[in-house]
Amino acid sequence: MELTKSEMEIMDVLWESDQPLSRSDLLERSEEKTWKDSSVHILLNGLLQKGAIREAGLVRRSKTYGRVFSPTMTREEYFAATIVGLFDALLRREDITPEQLQKISALVSQKAI
């Protein structure tokens, strides 16, 4: 699954949250977004169609109800979907040791014949 830059910005906000978020929650928490507020509906529908997010229920906002969304996969699972993403996700881990990095480097060197 390929996500656009704007879709990734929304996914980052969802991944950082410990609960499902509504459209307005996403707008409030998206500080450095490259998309317009009016585009969030289109982006959410695209993420739903790609299977990156799911509807997680309804919440009441003043007099109306709105859908809330949550990711269908973790950040690591998304990046692990491609080989480059897998290495990126592994190298971002805070618990990786220098010894593990050396072993990974040796494996890559062996393959790059």
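Just so it is clear, the model here is predicted, and its values are computed rather than measured. (Residues numbered from 1 in each chain as written. Predicted model: local features only at pLDDT ≥ 70, side-chain atom pairs only at ≥ 80, totals over all residues. Heavy atoms only, no water.)

J.: What am I meant to see in the overall build of the protein here?
T.: In terms of helices and strands, the protein carries six helices and three strands. Counting helices and strands in the order they occur from the N terminus, the protein gives α-β-α-α-β-β-α-α-α. Taken over the C-alpha trace, the protein has a radius of gyration of 18 Å; the compact-globule value for 113 residues is 13 Å, which it surpasses by more than 25%. Along the first, second and third principal axes, the C-alpha atoms of the protein reach 60 × 25 × 25 Å. Each of the 113 residues in the protein was classed as buried or not, and the buried ones make up 29%. A sequence separation of at least 24 residues applies to 47% of the contacts in the protein between residues at least 6 apart. With an accessible surface of roughly 8100 Å², the protein has 53% of that area assigned to carbon and sulfur atoms. Once the 16 positive and 18 negative side-chain charges of the protein are each reduced to a mean point, those two points are 6 Å apart. (Helix = DSSP H or I, 4+ residues; strand = E, 2+ residues; numbered from the N terminus. Rg over C-alpha atoms; globule rule 2.2 N^0.38 Å. Buried < 20%, exposed > 50% of the residue type's maximum accessible area, 1.4 Å probe, protein only. Contact = heavy atoms within 4.5 Å. Areas by Shrake-Rupley, 256 points an atom, 1.4 Å probe, with all protein chains shown as cover. Lys, Arg positive; Asp, Glu negative; His and termini not counted. Charge placed at Lys NZ, Arg CZ, Asp CG, Glu CD.)

J.: Explain the nonpolar core to me, please; I cannot follow it from the model alone.
T.: The nonpolar side chains of a soluble globular protein tend to be buried, and buried together. Grouped together as the largest cluster of nonpolar side chains are 20 residues, with contacts concentrated most on Ile10 and Met11. When near neighbours in sequence (up to four residues on either side) are disregarded, Ile10 contacts Leu26, Trp35, Val40, Leu43, Leu44 and Leu47. (Core = buried A, V, L, I, M, F, W, Y, C linked by side-chain atoms within 4.5 Å.)

J.: Even after reading the chapter, I still don't get the pairing of strand 3 (residues 64-71), so can you show me in this structure?
T.: Regular strands place their side chains on alternate faces of the sheet. With two bridges connecting them, strand 1 (residues 21-22) and strand 3 associate as antiparallel partners. When the sheet's bridge partners are listed, Ser22 is paired in strand 3 with Val68. Sheet topology places strand 2 (residues 53-61) next to strand 3; eight bridges connect them, and they run antiparallel. Considered in strand 3, the bridge of Arg54 is made with Ser70. In this antiparallel pair of consecutive strands, strand 2 and strand 3, the connection spans two residues, and Ser62 shows a positive phi of 50°. (Pairing = 2+ DSSP bridges.)

J.: What should I look at first to understand the packing of aromatic side chains in this one?
T.: Where two aromatic rings form a pair, the distance of their centres and the angle of their planes describe that pair. In the structure shown here, the tally under the stated rule is two aromatic pairs. Here Tyr78 and Phe79 contribute two aromatic rings whose centre-to-centre distance is 5.3 Å and whose plane-to-plane angle is 70°, an arrangement assigned as edge-to-face. A connected cluster of aromatic rings, assembled from ring pairs, spans Trp15, Tyr78 and Phe79. Note that Lys33 overlies the ring of Trp35, its terminal NZ or CZ placed 5.4 Å from the centroid. Positioned over the ring face of Phe79 is Arg92, at 6.0 Å from the centre of the ring. (Phe/Tyr/Trp six-rings, centres within 6.5 Å; stacked < 30°, edge-to-face > 60°. Lys NZ or Arg CZ within 6 Å of the ring centre and 35° of its normal.)

J.: Even after reading the chapter, I still don't get the sheet that holds strand 1, so can you show me in this structure?
T.: Backbone-to-backbone hydrogen bonds join strands into a sheet, with any given pair of strands oriented parallel or antiparallel. With antiparallel pairing, the three strands of this open sheet are ordered in space as 1-3-2. Single-partner strands in this sheet number two, and they are strand 1 and strand 2. Across the face of the sheet, helix 1 (residues 5-16) comes into contact with strand 1, strand 2 and strand 3 while running at roughly 90° to strand 3. (Axes fitted to C-alpha atoms, helices over the stretch in contact; angles between N-to-C directions.)

J.: Would you mind going over a nonpolar patch on the surface with me for this structure?
T.: A grouping of Ile83, Val84, Leu86, Phe87, Leu90, Leu91, Leu101 and Val108 is seen on the molecular surface, where their side chains present a nonpolar patch of about 670 Å² in accessible area. Looking at the nonpolar patch, the elements with two or more residues in it are helix 5 (83-92) and helix 6 (98-111). Per-element tally for the nonpolar patch: the top contributor is helix 5, with six residues. (Patch = residues over 30% accessible without salt bridge, like charges linked within 9 Å, V, L, I, M, F, W, Y side chains within 5 Å. Salt bridge = Lys/Arg side-chain N within 4 Å of Asp/Glu carboxyl O.)

Such coordinate-based values are descriptive only and should not be taken to indicate function.
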